[in-house]
Amino acid sequence: MAIEAVINVDLGGPRINRHLYGHFAEHLGRCVYGGFYVGEDSGIPNERGLRLDVVEALRELHIPNLRWPGGCFADEYHWRDGIGPRDRRPVMVNTHWGGVEENNHFGTHEFMALCEMLGAEPYIAGNVGSGTVREMSEWVEYLTRDGDSPMARLRKANGREEPWPVRFWGLGNEAWGCGGNMTAEHYAQEARRYGTYCRDYGGNTLYKIAAGANSADYAWTETLMKQVGHLGCRHVSSTAYHALSVHYYTVTGPTWEQKGSATAFDTGEYYRTMVSAARIEEILAGHEAVMDCYDPGRSVGLVLDEWGTWFDVEPGTNPGFLYQQNTLRDALVASTHFDVFHRHADRLVMANIAQTVNVLQAMILTDPDSDAMVLTPTYHVFHMNRGHQDATSLRVDFRTALPSRAVGEATLTTVSMSASRKDSRLLVSLSNLDADEGAEVEIELRGGALGTVDAVILTSGTLPDHNTPESPSAVAPRPYDGVTVAGGTLRAHLPAHSFVTVSGVL
Ligand code: AHR
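Residues numbered from 1 in each chain as written. Predicted model: local features only at pLDDT ≥ 70, side-chain atom pairs only at ≥ 80, totals over all residues. Heavy atoms only, no water.

Draft legend 1. Structural view of the overall build of the chain. Within the chain, the regular secondary structure consists of 9 helices and 27 strands. Over its C-alpha trace the chain gives a radius of gyration of 22 Å, about what one expects of a compact globule, namely 23 Å for 506 residues. For the chain, the C-alpha atoms occupy an extent of roughly 70 × 55 × 45 Å along the three principal directions. Contacts in the chain between residues far apart in sequence, at least 24 positions, make up 76% of those at least 6 positions apart. Of the charged side chains in the chain, 41 are positive and 63 negative, and the gap between their average positions amounts to 7 Å. (Helix = DSSP H or I, 4+ residues; strand = E, 2+ residues; numbered from the N terminus. Rg over C-alpha atoms; globule rule 2.2 N^0.38 Å. Contact = heavy atoms within 4.5 Å. Lys, Arg positive; Asp, Glu negative; His and termini not counted. Charge placed at Lys NZ, Arg CZ, Asp CG, Glu CD.)

Draft legend 2. Examining the state of the cysteines more closely. Throughout the structure, instances matching the rule amount to 1 disulfide. What pairs with C72 in a disulfide is C178, and their sulfur atoms sit 2.2 Å apart. With the S-S dihedral at roughly -85°, the linkage between C72 and C178 falls on the left-handed side. Highlighted residues: C72 in the loop between β5 (65–68) and β6 (92–94) and C178 in the loop between β9 (168–171) and α5 (184–196), separated in sequence by 106 residues. The class for C178 is partly exposed, based on a relative accessible area of 25%. The cysteine C115 is free of any disulfide, with C31 supplying the nearest cysteine sulfur at 12 Å. Lacking any disulfide linkage, C198 is separated from the closest cysteine sulfur, that of C115, by 18 Å. (Disulfide = S-S within 2.5 Å. Buried < 20%, exposed > 50% of the residue type's maximum accessible area, 1.4 Å probe, protein only.)

Draft legend 3. Representation of the packing of aromatic side chains. On inspection of all chains with the given rule, the structure shows 24 aromatic pairs. Between Y270 and Y271, the aromatic rings sit 5.1 Å apart at their centres with planes inclined by 50°, giving tilted as the arrangement. Here Y271 falls in the buried class, since its relative accessible area comes to 7%. A ring pair is formed by F338 and F382, whose centres lie 4.9 Å apart and whose planes are at 80°; its orientation type is edge-to-face. Residue F338 is located in helix α8 (residues 328–343), and its partner F382 is located in helix α9 (residues 377–384); the two are separated by 44 residues in the primary sequence. Through successive ring pairs, a cluster of aromatic residues spans Y33, Y37, W68, F73, Y77, W79, F106, F111, W139, Y142 and W169. Geometry around Y323 places R30 over its ring, the cationic atom sitting 5.1 Å from the centre. The side chain of R67 reaches across the aromatic face of F24, ending 4.6 Å from its centre. (Phe/Tyr/Trp six-rings, centres within 6.5 Å; stacked < 30°, edge-to-face > 60°. Lys NZ or Arg CZ within 6 Å of the ring centre and 35° of its normal.)

Draft legend 4. Quick peek at the pairing of strand β8 (residues 121–126). Most of β8 sits out of view: 6 of its 6 residues are buried. Taking every second residue as pointing to the same face, both faces of β8 are buried, with E121, Y123 and A125 on one and P122, I124 and G126 on the other. In the sheet, β5 pairs with β8 via 4 bridges, with the strands oriented parallel. Directly across from W68, in β8, lies its bridge partner I124. Sheet topology places β8 next to β9; 4 bridges connect them, and they run parallel. From the neighbouring strand, G126 faces β9, where its bridge partner is L171. (Pairing = 2+ DSSP bridges.)

Draft legend 5. Examining the pattern of salt bridges more closely. Applying the stated criterion to the full structure yields 29 salt bridges. When the shortest N-O distance is used, the salt bridge between E138 and R80 registers 3.2 Å. Of this pair, E138 sits in helix α3 (residues 133–144) while R80 is found in the loop between β5 and β6, placing the two residues 58 residues apart along the sequence. Taking relative accessible area as the criterion, E138 reaches 15% and is therefore assigned buried. On the basis of relative accessible area, R80 is assigned to the partly exposed category, the value being 41%. For the salt bridge of R395 with D397, the shortest nitrogen-to-oxygen distance reads 2.7 Å. Judged by relative accessible area, R395 falls into the exposed class, the value being 62%. Residue class for D397 comes out partly exposed when judged on its relative accessible area of 26%. Several salt bridges converge on common partners, so that one network encompasses R15, R18, E121, R167 and D390. (Salt bridge = Lys/Arg side-chain N within 4 Å of Asp/Glu carboxyl O.)

Draft legend 6. Spatial organisation of the side chain of H23. Mapping H23 onto the fold places it in strand β2 (residues 22–24). With a relative accessible area of 0%, H23 lands in the buried category. Excluding residues within four positions of it along the chain, H23 makes contact with L61, I63, N65, L66, R67, A351, N352, I353, T356, M363 and F382.

Draft legend 7. Representation of helix α1 (residues 52–59) in the model. Buried residues of α1: V54, V55, A57 and L58, and no others. Looking straight down α1, one finds that the buried residues subtend no more than 165° of arc, so they occupy a single side. Against β4 (50–51), α2 (108–118), β14 (364–366), β15 (373–375) and α9 lie the buried residues of α1. (Arc of directions from axis to C-beta.)

Draft legend 8. Representation of the domain arrangement of the chain within the structure. The assigned domain composition of the chain is domain 1 (3–10 + 393–505) and domain 2 (25–390). Here domain 1 and domain 2 have C-alpha centroids that lie 29 Å from each other. Every contact between the two is made by 40 residues of domain 1 and, on the other side, 35 residues of domain 2. Together, the buried faces of domain 1 and domain 2 total about 2900 Å²; carbon and sulfur atoms form 68% of this surface. Area buried by domain 1 at its contact with domain 2 is led by L433, L463 and F499, which between them contribute 18% of it. At the surface where domain 1 touches domain 2, the tally comes to 0 salt bridges. In this assembly, domain 1 and domain 2 are joined by 18 residue pairs in polar contact (both at pLDDT 80 or more). (Domains from an automatic or database assignment. Buried area = accessible area lost by both parts, 1.4 Å probe. Polar contact = N/O pair within 3.5 Å; in protein donor to acceptor, adjacent residues only side chain to side chain.)

Draft legend 9. Up close: the pairing of strand β23 (residues 453–458). Alignment of β23 against strand β27 (residues 498–505), held across 6 bridges, turns out to be antiparallel. Its bridge partner lying in β27, A455 is registered against V502. Bridge count between β23 and strand β24 (residues 478–479): 2 bridges; the pairing is antiparallel. Of the residues in β24, the one forming a bridge with I457 is R478.

See below:
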């Protein structure tokens, strides 16, 4: 029996903000050093120390924004340590991540150069936990102030004449934990205070993002919403914040100390991962419901600025470096997260996967012992889905029940889909999470018809399959012939554990 769905291709919907495909790079393990940044003296081809093959591969994803410098690291980062001649920059200890020395060779100018090379907007997370209001205020001035001022002069003295456009500004990170162990009430006041002194200079208008809740802590969101500003006005007060964040990681368990291996897992563990991933929908809906009570016009954005899988580190690697492999299971976690994001596009304005290179659910893994790098299965999902960026999200309605499986006490729906339209191009994303069974799907495209379609599939023999320098394409997308279109009906066979995208012109 085929799953029957309807997509009204001629009806409008919310815009899928391209920033839902955002990224996150922290000074953590080998994300920055040994990932993005190898230094100018490296034998690996680089420009200003930035690794060119990594940049080239990421450009293909059309990364809309990159969050930096953390994470927990953001709240112990002092930006003035990362400007000026590198050999004179002070060294600090990265207390959160492995206790290693941080030489500050990758700082503000290096980050902005990286963003320019990637074509991505910067999203800077300021230091609330151990910094000062003045420090944050001056960083904004340093980056964005046109004309003459102390910080603009300092920037120019360091070789950058023009200010940079910087829109996204984080007021700390995880203030309930590594960002200062604050109560929600205390942090809300701090966020208002810090936000007040982060100024708009010239044509640069900041979009300030308050550090939000840990997964289902809806009370945190409620406290921040009470303090957000003048919601009676058409525009939220510029002295407050424009968005709240939330963090949610897919953790398989059974405990935080035993999260399970990224590659050695059985089917039961796989399904538990997918149940954890599916919780993102309930979590976003919970925060949105609270926000709607205070802001029914939805002018305050929700930003999921950390998401992704979190497994045990690879054996033999530094536990503080959070280095994990990435399998087809990770790809399906990503593809189903995007379906949820597309459904919540009227409130969710940004999401950032943790993290881009060598940390947690990465796009790229670089080999510490050679110049090799591999694209992960998660990279391929971002690539296959990039056409959803800035497209109109289309509802998918089901005429028949979706297949599901009991997983412990939970029920996992095993087929997931979403669709969007940009101009006349339709893009449908389909995931079959069942480890063993294929699925048939029949979609009525109401209000339009497709001619020919391009279909691409990401799957592999077994779920733990992953890419390595020796076998870089073990999990890679391929053209797919299991999709047909006749008139206004699209039929697809979805093999077990697969992700398929179908695109065509209406
Ligand atoms: O992404 C790794 C860490 O997870 C971040 O530094 C922190 O914000 C979160 O707890």
